[in-house]
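Residues per chain are reported as follows:
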Amino acid sequence: MSYSSVRAMLNACKQNNQPLWEVILQSDLLESGLSRTQSLAEMRRLWQVMVQTSDNYCGTDRSNSGFAGGDAAKVEAAAVGGRLLTDGYLAQVMAEALKTAECNACMKRIVAAPTAGSCGILPAVLLPLWRAGRAGEDAVCRALYVSAGFGQIIAARATLAGAEGGCQAEVGAASGMAAAALVDLQGGTAEQCAEALAMALTNLEGLVCDPVAGLVEIPCIKRNVIGAMNAVSCADMALAGVVGHIPADEVIDAMAEVGAAMSNDLRETGIGGLAGTPTGQAIREIVTMGGE
């Protein structure tokens, strides 16, 4: 029995006097038929996949096209060398977002969180906190339930598919889910989780899906970085008491409306946007020739 709206999920927290992650877990158990032990074990397994993907990153790996790989290593080296404007947590978030997305493009490990095109955002915001001892594995898994609960509502009220709703449905949704997870990790309220989600989605509303050569590489990988950074800023704003004024459910519905209004050329067809630029078309020719 999944929730059809954020409002219903928040009301369940109040009525049952339970934390948000527990309410979402109970809903998952009813829907999946799993036992509590099984569900918790599966969430822990999914988290370990994220950890292992990051641990197994190799800066020399390249995708079959040759256009993806090595960027996370560059960011890490620049951070160590003190050449970045950001440092500490934010620099790590940037590198981790690239790591998972690059591993996905290099076919090392396909992580959908919630999609392959947005796979680096959730790991990016969570891994540095966990590695620094600022969040234990149990807390991270609880935050992942929170992100999953919101993700399910986005999927039900709108979509998570770039082919249907543009990149706002992939990177936007993942960014909102990550923002909610961060608020939960920091001890924020269920209402603040919803505010963080709404603001993150709002910031990326209208983002088109225009993969060059039809590959989940350009601009998808770098968009994982902006999705992760957006999640951090929206989580912090929500924790500070900032509100976006438009309720989460209405933001999700607006995202669905915008996605439906997009040209098909801007929904994962590899025709419009960046894919249609002269350089995008040239890359497509290179990739096509390499595949013959």
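My aim in this report is to walk through the structure given alongside it, one point at a time. Since we're looking at a predicted model, the values are computed, not measured.

Attention shifts here to the packing of aromatic side chains. All chains considered together, the criterion is met by two aromatic pairs. Between Trp-21 and Tyr-145, the aromatic rings sit 6.3 Å apart at their centres with planes inclined by 45°, giving tilted as the arrangement. Separated by 124 residues along the polypeptide, Trp-21 in helix α2 (residues 20-32) and Tyr-145 in helix α7 (residues 137-157) bring together distant segments of the chain. The exposure class of Tyr-145 is buried, given its relative accessible area of 3%. Here the aromatic rings of Trp-47 and Trp-130 are separated by 5.6 Å at their centres, their planes lie at 85°, and the arrangement is edge-to-face. Here the residue Trp-47 occupies a position in helix α3 (residues 36-55), and Trp-130 occupies one in helix α6 (residues 121-131), the gap between them amounting to 83 residues. The class for Trp-130 is partly exposed, based on a relative accessible area of 26%. The lysine or arginine in question, Arg-142, covers the ring of Trp-21, its NZ or CZ lying 5.8 Å from the ring centre.

Let us now look at helix α4 (residues 71-80). For α4, the complete set of buried residues consists of Asp-71, Ala-72, Val-75 and Ala-78. Projection of α4 onto a plane perpendicular to its axis shows the buried side chains occupying an angular sector of 125°, all on one side. Here the buried face of α4 lies against α5 (88-105) and α11 (220-239). Once α4 ends, the next one or two residues include Gly-82, with phi positive near 70°.

Attention shifts here to the side chain of Asp-210. With respect to the helices, strands and loops of the structure, Asp-210 is situated in the loop between α10 (190-203) and α11. A distance of 2.9 Å separates a polar side-chain atom of Asp-210 from the backbone nitrogen of Leu-274. Leave out the neighbours within four places in its chain, and Asp-210 touches Ile-218, Pro-219, Arg-223, Gly-272, Gly-273, Leu-274 and Ala-275.

If you look at the biggest cluster of nonpolar residues, it comprises 88 residues, and the most contacted ones within it are Leu-20, Trp-47, Val-125, Leu-126 and Phe-150. For this core, the leading source of residues is helix α9 (residues 171-185), giving 11 residues. Those residues within four positions of Phe-150 in sequence are excluded, and the remaining contacts are Val-6, Met-9, Leu-20, Ala-180, Cys-193, Ala-194 and Leu-197.

Further remarks concern empty space enclosed by the protein. For the structure shown, the criterion picks out one cavity of 30 Å³ or more. Of the volumes computed, that of the largest cavity is approximately 30 Å³.

What follows is about the pattern of salt bridges. Per the stated rule, a full pass over the model turns up 14 salt bridges. Glu-191 is the partner of Lys-14 in a salt bridge, and the nearest nitrogen-oxygen pair spans 3.9 Å. With Lys-14 in helix α1 (residues 6-16) and Glu-191 in helix α10, this pair connects stretches of sequence that are 177 residues apart. Overall, Lys-14 belongs to the exposed group, its relative accessible area being 58%.

The next point concerns the layout of surface pockets. Gaps left between atoms show up when a probe the size of a water molecule is rolled over them. Roughly 620 Å³ of volume is contained in the largest pocket. Met-43, Leu-46, Leu-144, Ala-148 and Gly-149 are the residues nearest the centre of the largest pocket, which is lined by 30 residues in total. For the lining of the largest pocket, the elements supplying multiple residues, two or more each, are α2, α3 and α7. Residues that form the lining of the largest pocket fall into these classes: 19 nonpolar, seven polar and four charged.

So, how was this worked out
Residues numbered from 1 in each chain as written. Predicted model: local features only at pLDDT ≥ 70, side-chain atom pairs only at ≥ 80, totals over all residues. Heavy atoms only, no water. Phe/Tyr/Trp six-rings, centres within 6.5 Å; stacked < 30°, edge-to-face > 60°. Helix = DSSP H or I, 4+ residues; strand = E, 2+ residues; numbered from the N terminus. Buried < 20%, exposed > 50% of the residue type's maximum accessible area, 1.4 Å probe, protein only. Lys NZ or Arg CZ within 6 Å of the ring centre and 35° of its normal. Arc of directions from axis to C-beta. Contact = heavy atoms within 4.5 Å. Polar contact = N/O pair within 3.5 Å; in protein donor to acceptor, adjacent residues only side chain to side chain. Core = buried A, V, L, I, M, F, W, Y, C linked by side-chain atoms within 4.5 Å. 1 Å grid on protein atoms, 1.4 Å probe; cavity = no way out; pocket = protein on both sides within 12 Å on 5 of 7 lines; lining within 4 Å. Points joined across faces, edges and corners; volume = space filled by probe spheres on them. Salt bridge = Lys/Arg side-chain N within 4 Å of Asp/Glu carboxyl O. Nonpolar A, V, L, I, M, F, W, Y, C, P; charged D, E, K, R; others polar.

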